[in-house]
Amino acid sequence: MASSIPVIEFSDECMKPGTSSWEKACKVIMQALEDHGYFIVDHPNVPLGLHDFVFSVTEDLFDLPHENKIKNTNLKPSHGYIPKVPGTPLLEGMNIDGTEKLEVRKKFTSIFCTTVHDYGQFIAEIEKVVFRMVFESYGCREML
């Protein structure tokens, strides 16, 4: 039986450590990660349609010539550009570290505009909060 992707409603309140909203969000996030390995963040600061816009820009990004995509290098495993390989023709990856920084986006391609910059900043903030929630949930706050 297929299950749907969990959608977690974030608010400014649940991003404040120590609040009851934070504790509730921690439990929901942990359950989603343990059951599915991923989830979708629904936050009132992300306007409707922004996800669609970012995905359309992502399509444009993957439509770039191979010569442009391979400029996105990174020494971390599974970071940078991950080209299609025989046997997995549908898998192609792109991890651009630091999208919240204008100079990083300019270095790679002009496709990323201010909206994607704002989106990158928001995602970076959510990532930090979720990382802390996960570490605290496992009793590993000192490792942050």
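Scroll up to find the structure this text is about.
What you see as residue numbers is a count from 1 along each chain, following the sequence as written. For a predicted model such as this one, the threshold for reporting local features is a pLDDT of at least 70, and the threshold for listing and counting side-chain atom pairs is 80 or more; totals across whole chains, interfaces and linings nevertheless cover every residue. The side-chain values count all of the structure's non-hydrogen atoms but skip hydrogen atoms and water molecules.

Some remarks on the pattern of salt bridges
To keep it simple, the criterion reads: One speaks of a salt bridge when a side-chain nitrogen belonging to Lys or Arg is within 4 Å of a carboxyl oxygen belonging to Asp or Glu. The cut-offs for exposure are 20% and 50% of the maximum accessible area for each residue type, with area from a 1.4 Å probe on protein chains only; residues under the lower value are buried, those over the upper are exposed, and the others partly exposed. We count a stretch as a helix when DSSP gives it H or I for four or more residues in a row; a strand needs E for two or more, and each element gets its number in order from the N terminus.
Inspection of the entire model under this criterion finds two salt bridges. Among the salt bridges present, the one from K16 reaches E13, with a minimum N-O distance of 3.6 Å. Residue K16 is classed as partly exposed on the basis of its relative accessible area, which comes to 43%. Given a relative accessible area of 35%, E13 falls into the partly exposed group. Here R132 ties to E136 by a salt bridge, and the two come within 2.7 Å at their closest N and O atoms. Taken together, the residues R132 and E136, both in helix α5 (residues 114–137) and four residues apart, mark about one turn of the helix.

A look at a nonpolar patch on the surface
As a reminder of what qualifies: Only residues whose relative accessible area exceeds 30% and that take part in no salt bridge are eligible for patches, with like-charged residues grouped when within 9 Å of each other and nonpolar side chains (Val, Leu, Ile, Met, Phe, Trp, Tyr) grouped when within 5 Å. In short, Shrake-Rupley with a 1.4 Å probe defines the accessible areas, and a residue's cover is counted only from the protein chains shown.
Taken together, I5, V7, Y38 and I40 make up a surface patch of nonpolar side chains, about 360 Å² in accessible area. As for its position among the elements, I5 is in the segment before β1 (7–9).

Thoughts on the environment of G80
By the element assignment, G80 lies in strand β3 (residues 80–82). Between the C-alpha atom of G80 and that of D97, which follows or precedes it by 17 residues, the distance is 7.8 Å.

Structural notes on the layout of surface pockets
Rules: Method remark: on a 1 Å grid restricted to protein atoms, a set of points is classed as a cavity if a 1.4 Å probe fits but cannot get out and as a pocket if it is open with protein on both sides within 12 Å along at least five of seven lines; lining residues have an atom within 4 Å of a point. Grid points are joined across faces, edges and corners, and a volume is the space filled by probe spheres set on the points. Residue classes follow a fixed rule: Ala, Val, Leu, Ile, Met, Phe, Trp, Tyr, Cys and Pro count as nonpolar, while Asp, Glu, Lys and Arg count as charged, and any other residue, Gly among them, counts as polar.
Empty space within the largest pocket amounts to approximately 1400 Å³. In terms of lining residues, the largest pocket is bounded by 38 residues, among which H51, V54, F55, Y119 and I123 are the most central. For the lining of the largest pocket, the secondary-structure elements that each account for two or more residues are β2 (40–42), α2 (50–62), β4 (93–95) and α5. Among the residues forming the lining of the largest pocket, the class breakdown is 23 nonpolar, ten polar and five charged.

Considering the packing of aromatic side chains
We apply this condition: Two rings belonging to Phe, Tyr or Trp (six-membered ring only in the last case) form a pair when the distance between their centres is within 6.5 Å. Interplanar angles under 30 degrees mark stacking, angles over 60 mark edge-to-face geometry, and anything in between is tilted.
Applying the stated criterion to the full structure yields one aromatic pair. Relative to F135, the ring of F131 has its centre 4.8 Å away and its plane inclined at 25°; by these criteria the two rings are stacked. Here F131 pairs with F135, and both are found in helix α5, just four residues apart, close to one helical turn. Looking at F131, the relative accessible area reads 47%, which means it is partly exposed.

Quick notes on α2
Stated formally: Helices are assigned an expected span. That span is 1.5 Å times one less than the residue count. The directions from the helix axis to the C-beta atoms are what the arc is built from.
For α2, which comprises 13 residues, the first-to-last C-alpha distance of 18 Å matches the rise-based estimate of 18 Å (1.5 Å per residue) to within 8%. Within α2, the full set of buried residues consists of L50, V54, V57 and L61. End-on view of α2: buried residues confined to an arc of 65°, all on one side of the axis. Among the exposed residues of α2, those oriented more than 90 degrees off its buried face are D52, F55 and E59.

Re the nonpolar core
Keep this limit in mind: Here, nonpolar core means buried Ala, Val, Leu, Ile, Met, Phe, Trp, Tyr and Cys residues that are tied together by side-chain atoms lying within 4.5 Å of each other. By definition in these notes, contact holds between two residues if any of their heavy atoms fall within 4.5 Å.
Ranked by internal contacts, the top residues of the largest apolar core, which has 22 residues, are F10, I29, F39, I126, V130 and M133. Elements represented by at least two residues in this core include exactly α1 (20–35), α2 and α5. Top contributing element to this core by residue count: α5, with seven residues. Setting aside chain neighbours within four positions, we find M133 in contact with C14, W22, A25, C26 and I29. Grouped together as the second largest cluster of nonpolar side chains are five residues, L61, L64, Y81 and M94 included.

So yeah, pure geometry; function would need other evidence.
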